[in-house]
Amino acid sequence: AQTVTQSQPEMSVQEAETVTLSCTYDTSESDYYLFWYKQPPSRQMILVIRQEAYKQQNATENRFSVNFQKAAKSFSLKISDSQLGDAAMYFCAYREENNNDMRFGAGTRLTVKP
Amino acid sequence: GAVVSQHPSRVICKSGTSVKIECRSLDFQATTMFWYRQFPKQSLMLMATSNEGSKATYEQGVEKDKFLINHASLTLSTLTVTSAHPEDSSFYICSARDLGTGTSGVSSYEQYFGPGTRLTVT
């Protein structure tokens, strides 16, 4: 079974600074998708960024970017110019190309200090 | 954009009773819906996957007779917690996906999440 590991239960960053959240995964598949979701106190899951495994270029969405290392099975999230509103739980997720369900890591709680 | 709604957002029920949670895709047809359970300060754990018109596939350890899932239409799935007990108290989240080429601009490889339902069993 595929597993997703987030080794940082909690992270803290100063407002306007940059923080990187780590994620590794285990799979024998070559085609799959990776996601980062944000879950604020409202508990609504919000898609932050996604990466298709066949794409070598790292995905970027405004202040959010990923470092996708396919051989190392690593998928870290970098948040630049951190804002107070970025404070939330962040979940890394994996889904196979031809499979339905999405598997989540344990999550990283990000605190942003003013 | 794709919107998934859940109803109710919060429910309190007495031990031994049943409670139904609805999940609706509002602007796209969800051929597949997923039900997750999230305990406090923990991750989302997949409970079951349901495809419209067929029986749900339950994850190992999830009692199908206790957590009844019905996906009768392309826009509605329901989760019924039968004979609820205090240990069933949790946050339940549904998610929907369009497996087609994408309708109304909805991506076919994204899952869209509902806002969740907090169940408290007293």
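Residues numbered from 1 in each chain as written. Chains lettered and ligands numbered in written order. Predicted model: local features only at pLDDT ≥ 70, side-chain atom pairs only at ≥ 80, totals over all residues. Heavy atoms only, no water.

Visitor: Would you explain the interface of chain B and chain A in this entry?
Guide: How big an interface is tends to be reported as the loss of accessible area on association of its parts. Counting residues at the interface gives 22 residues for chain B, matched by 21 residues for chain A. At the boundary of chain B with chain A, total buried surface from both sides reaches about 1800 Å², with 46% on carbon and sulfur atoms. For the interface between chain B and chain A, the tally reads 1 salt bridge. With its nearest N and O atoms 3.1 Å apart, the salt bridge here joins Arg103 of chain A to Glu59 of chain B. Run the count over chain B and chain A and you get 7 residue pairs in polar contact (both at pLDDT 80 or more). When the residues that make up the side of chain B that touches chain A are grouped by side-chain class, the tally is 10 nonpolar, 8 polar and 4 charged. (Contact = heavy atoms within 4.5 Å. Buried area = accessible area lost by both parts, 1.4 Å probe. Salt bridge = Lys/Arg side-chain N within 4 Å of Asp/Glu carboxyl O. Polar contact = N/O pair within 3.5 Å; in protein donor to acceptor, adjacent residues only side chain to side chain. Nonpolar A, V, L, I, M, F, W, Y, C, P; charged D, E, K, R; others polar.)

Visitor: How should I be thinking about the nonpolar core in this particular structure?
Guide: Note on soluble globular proteins: their nonpolar side chains tend to be buried together. Residue and element names in this part refer to chain A. The biggest cluster of nonpolar side chains holds 25 residues, and the ones touching the most others in it are Tyr25, Trp36, Phe75, Leu77 and Tyr90. Residue assignment for this core shows that the elements contributing at least two residues are strand S3 (19-21), strand S5 (32-39), strand S6 (46-52), strand S8 (64-69), strand S9 (74-79), strand S10 (88-96) and strand S12 (108-113). Counting residues per element, this core draws most heavily on S10, which supplies 4 residues. Apart from the residues within four sequence positions on either side, Leu77 is in contact with Val19, Thr20, Leu21, Trp36, Val48, Ile49, Phe64, Ser65, Val66 and Tyr90. (Core = buried A, V, L, I, M, F, W, Y, C linked by side-chain atoms within 4.5 Å. Buried < 20%, exposed > 50% of the residue type's maximum accessible area, 1.4 Å probe, protein only. Helix = DSSP H or I, 4+ residues; strand = E, 2+ residues; numbered from the N terminus.)

Visitor: Any chance you could explain the pairing of strand S4 (residues 32-38) of chain B here in plain terms?
Guide: Here is the key point about a regular strand: its side chains alternate between the two faces of the sheet. Residue and element names in this part refer to chain B. Counting buried residues along S4, 7 of its 7 residues qualify, which places the element largely inside the surrounding structure. Because side chains alternate across S4, one face comprises the buried residues Thr32, Phe34, Tyr36 and Gln38, and the other comprises Met33, Trp35 and Arg37, equally buried. Count of turn residues in the S4/strand S5 (residues 44-51) antiparallel hairpin: 5 residues, of which Lys41 carries a positive phi of about 60°. (Pairing = 2+ DSSP bridges.)

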